[in-house]
Amino acid sequence: MAITIYHNPACGTSRNTLALIRNSGDEPEVIEYLQHPPARQTLQQLIGDAGLTVRAALRAKGTPYAELGLDNPALSDEQLLDAMLAHPILINRPFVVTAIGTRLCRPSELVLDILPHAQRGAFTKEDGEVVIDAEGRRVAPSI
């Protein structure tokens, strides 16, 4: 069963998501989308399959979002897609695709909902948050 992650290795959420996939025993196809941006049709499909709007798939933090005036509500989806394809850093990450579904995995543990196999052991995110216990069970977030 194929799994694909649109990954940015400089992003902690993306690294945690990739590690959760591997913790299930699967080795995904890793697409470093900053070097290999998806085609327009693929990007539209990722966004649609994840149940998002184009605007919801935009990343503002650490990107040219403000300089490009992308906060303008009058911009069409086509214009937003143009910006995302011209500046792939604007694509929020990580998108993960499995046979079960497509998700924008923010937070990273959203990937658990679409993985075909259970977690094989404990998992702690880079920030120290425990997500999976020693028996491979999901830990409820602390409030």
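In what follows, the structure referred to is the one given above.
Residues numbered from 1 in each chain as written. Predicted model: local features only at pLDDT ≥ 70, side-chain atom pairs only at ≥ 80, totals over all residues. Heavy atoms only, no water.

Things to note about the nonpolar core
As a rule of thumb, soluble globular proteins bury nonpolar side chains together. Counting 20 residues, the largest nonpolar core has Ile47, Leu58, Leu70, Met84, Leu90 and Phe95 as the members making the most contacts within it. Of all elements in the fold, only helix H2 (40–49) and helix H3 (77–86) reach the threshold of two or more residues within this core. Examining the composition of this core, we find that 4 residues originate from one element, H3, more than from any other. Not counting the four nearest positions on each side in its chain, Leu90 is found in contact with Ala57, Leu58, Arg59, Thr63, Pro64, Tyr65, Leu68, Leu70, Ala83 and Met84. (Core = buried A, V, L, I, M, F, W, Y, C linked by side-chain atoms within 4.5 Å. Buried < 20%, exposed > 50% of the residue type's maximum accessible area, 1.4 Å probe, protein only. Helix = DSSP H or I, 4+ residues; strand = E, 2+ residues; numbered from the N terminus. Contact = heavy atoms within 4.5 Å.)

Quick notes on the sheet that holds strand S4 (residues 102–104)
Here 4 strands make up an open sheet; going across it, the order is S2-S1-S3-S4 and the pairing mixed. Unpaired on one side and paired on the other, strand S2 (29–32) and S4 mark the two borders of the sheet. Averaged over all pairs of adjacent strands, the angle between their axes in this sheet comes to 15°, without regard to strand direction. As defined by bridge partners, strand S1 (residues 4–7) adjoins S2 across 4 bridges and the pair is classed as parallel. By the bridge assignment, Ile5 is partnered in S2 with Val30. On top of the sheet, helix H1 (residues 12–23) reaches S1, S2 and strand S3 (95–97); it is set at about 160° to S1, its chief contact. The sheet contacts of H2 involve S1, S3 and S4, and relative to S3 the element is tilted by about 85°. (Pairing = 2+ DSSP bridges. Axes fitted to C-alpha atoms, helices over the stretch in contact; angles between N-to-C directions.)

Some thoughts on H2
For H2, the complete set of buried residues consists of Leu43, Leu46 and Ile47. The buried side chains of H2 occupy one side of the element, clustering within an arc of 95° when seen end-on. Buried residues belonging to H2 abut S1, H3, S3 and S4. Within two residues after H2, Gly51 carries a phi angle of roughly 75°, on the positive side. (Arc of directions from axis to C-beta.)

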